[in-house]
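Here is what each chain is made of, one letter per residue.
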Amino acid sequence: MKFLTQLSFALILCSFFIMTSCGDGDDKDPVACTGITTLDGTVKINGDTHTLTIAQLLVNAGGAVFGDTYAFQIAGVNSDCTEVLSVFLTFTVPSGATLGGTYDIKDFFSASDDDATGSFITQILDPISQSSEDLTGGDVKVTKGQGNEYTLDMNATTVTGNVIGLEFTHTF
């Protein structure tokens, strides 16, 4: 009798794991990765949809001498939880100006007001490794919605010649 109880328990446990691991394949909800905190929403990087892991906006007033700075950090994890891709963008606009429009992406030392600078970071999660490349060309369109909603549409080139695309909308 003890054997039958153990066998029944094992079959129920196996059935539970099979039912919870199988899906219909059409689930479009953001992926949940063990050990990685995610936010509501997605980011499209190089045409692939990633679950949002970082959405950060930092705004610094430049005062009378320097322009205002807007810095975005956006990151997403891929669907199999093995890679996090991040884009970091900085915009400098004249003090008091609203961020919005299309900005040329330039390397840090060539950029001035109304230009963007940035980098693209790839993190492999197992085994852990990371690489970063400066963005040196291309452009990014910034659209400010209501409140603190921003849409970024970027087509950039890195220092090594890689092309990076980004489509992102988020309320900060």
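What you see is a predicted model; the values in this text were computed from it and never measured.

A. Up close: the layout of surface pockets. Counted as a void, the largest pocket has a volume near 240 Å³. Around the largest pocket sit 15 residues that line it, and Thr90, Asp107, Phe108, Ala111 and Thr117 are the ones nearest its centre. Among the elements that line the lining of the largest pocket, the one with the most residues is strand β6 (residues 115-125), at four residues. In terms of residue class, the lining of the largest pocket is built from five nonpolar, five polar and five charged.

B. Here's a closer look at the environment of Gln146. Mapped onto the elements of the fold, Gln146 is located in the loop between β7 (128-144) and β8 (149-158). The sequence separation of Gln146 and Thr171 amounts to 25 residues, and the corresponding C-alpha distance is 8.7 Å.

C. Region of the structure containing the environment of Leu52. If you trace the backbone, Leu52 turns up in strand β2 (residues 48-60). Its relative accessible area of 0% is what places Leu52 among the buried residues. With 15 residues separating them in the primary sequence, Leu52 and Thr37 have C-alpha atoms 9.0 Å apart. Sequence-distant contacts of Leu52, defined by excluding residues within four places in its chain, comprise Thr38, Leu39, Asp40, Gly41, Thr42, Val43, Ile74, Ala75, Gly76, Phe168 and His170.

About the thresholds
- Residues numbered from 1 in each chain as written.
- Predicted model: local features only at pLDDT ≥ 70, side-chain atom pairs only at ≥ 80, totals over all residues.
- Heavy atoms only, no water.
- 1 Å grid on protein atoms, 1.4 Å probe; cavity = no way out; pocket = protein on both sides within 12 Å on 5 of 7 lines; lining within 4 Å.
- Points joined across faces, edges and corners; volume = space filled by probe spheres on them.
- Helix = DSSP H or I, 4+ residues; strand = E, 2+ residues; numbered from the N terminus.
- Nonpolar A, V, L, I, M, F, W, Y, C, P; charged D, E, K, R; others polar.
- Buried < 20%, exposed > 50% of the residue type's maximum accessible area, 1.4 Å probe, protein only.
- Contact = heavy atoms within 4.5 Å.

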